[in-house]
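Close look at the chain arrangement
Next come the chains, spelled out residue by residue.
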Amino acid sequence: MRRSGKVAAGDMALPAAELDVSRATAFRLIKLFRAGGTVMSLVERKPGRPNGRRMLDDRREEIIRTN
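In this numbering scheme, every chain counts its residues from 1 along its sequence in written order. Since the coordinates come from a predicted model, pLDDT governs what is reported: local features require at least 70, and pairs of side-chain atoms require 80 or more to be given and counted, while whole-chain, interface and lining totals use all residues. Remark: hydrogens and water are excluded; side-chain values derive from all non-hydrogen atoms of the structure.

Side note on the overall build of the chain
Note on conventions: DSSP H or I runs of at least 4 residues are helices, E runs of at least 2 residues are strands, and numbering of each starts at the N terminus. Along the backbone of the chain there are four helices and zero strands. Reading the chain from its N end, one meets helices and strands in the order α-α-α-α. Going through the 67 residues of the chain one by one, you find that 10% of them count as buried. Within the chain, counting contacts between residues at least 6 apart in sequence, those at least 24 apart form 14% of the total. Burial classes: relative accessible area under 20% of the type maximum marks a residue as buried, over 50% as exposed, and values in between as partly exposed (1.4 Å probe, protein chains only). Contacts are assigned to residue pairs with any non-hydrogen atoms lying within 4.5 Å of each other.

Next comes the structure, spelled out in structure tokens:
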């Protein structure tokens, strides 16, 4: 794995397997670590969608509410 810059998908196979996570999750963990700069930036992350974040746009929400 490279120390700086982008990480290639092929470089993620071993770390993902060692952590028993998908490659996508391993990429997210690296992104979080780089943004936070500490291991704690990985621990403090809550799973799931952020509070107040909806999957549907307002128009679709209204259709569901009125039917």
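Re the confidence of the model for the chain
One rule of thumb: low pLDDT means the predicted coordinates there are not for detailed reading. Values of pLDDT, ranging from 0 to 100, describe the predictor's confidence in every residue of the model. Per-residue pLDDT for the chain averages 82, and the proportion of residues at 70 or more is 90%. When mean pLDDT is taken per element in the chain, helix α4 (residues 58-66) scores highest with 90 and helix α3 (residues 40-43) scores lowest with 82.

Observations regarding the side chain of serine 41
With respect to the helices, strands and loops of the structure, serine 41 is situated in helix α3. For the purposes of these results, a polar contact is taken to be a pair of N or O atoms within 3.5 Å, where, inside protein, one atom must be able to donate a hydrogen and its partner to accept one; residues adjacent in sequence count only when each atom of the pair is a side-chain atom. At 3.4 Å, the side chain of serine 41 and the backbone oxygen of leucine 32 are in polar contact. At 2.5 Å, the side chain of serine 41 and the backbone oxygen of threonine 38 are in polar contact. The residues touching serine 41, leaving out its near neighbours within four places in the chain, are Leu32, Phe33 and Gly36.

Thoughts on a nonpolar patch on the surface
A surface patch of nonpolar side chains, about 380 Å² in accessible area, is lined by Phe33, Val39, Met40 and Val43. Residue classification places valine 43 among the exposed residues on the basis of a relative accessible area of 55%. Each patch is built from residues lacking any salt bridge and having more than 30% relative accessible area; the joining distance is 9 Å for like charges and 5 Å for nonpolar side chains (Val, Leu, Ile, Met, Phe, Trp, Tyr). Per-residue accessibility takes into account occlusion by the displayed protein chains alone, with areas from the Shrake-Rupley method and a 1.4 Å probe. Every case where a carboxyl oxygen of Asp or Glu lies within 4 Å of a side-chain nitrogen of Lys or Arg is listed as a salt bridge.

A word on the environment of alanine 13
Along the polypeptide, alanine 13 turns up in helix α1 (residues 13-19). Taking the relative accessible area as the measure of exposure, alanine 13 reaches 41% and is therefore partly exposed. Sequence spacing of alanine 13 and alanine 26 is 13 residues, and the spatial spacing of their C-alpha atoms is 8.9 Å.

Observations concerning the pattern of salt bridges
Overall, the coordinates contain three salt bridges when judged by the stated rule. One salt bridge in this structure joins arginine 65 and glutamate 61, with 3.9 Å as the shortest N-O distance. Linking arginine 65 with glutamate 61, this pair stays in helix α4, spanning four residues, or about one helical turn. For arginine 65, a relative accessible area of 55% gives the class exposed. On the accessibility criterion, glutamate 61 (18% relative accessible area) is buried. As a salt-bridge pair, arginine 65 and glutamate 62 come within 3.4 Å of each other at their nearest N and O atoms.

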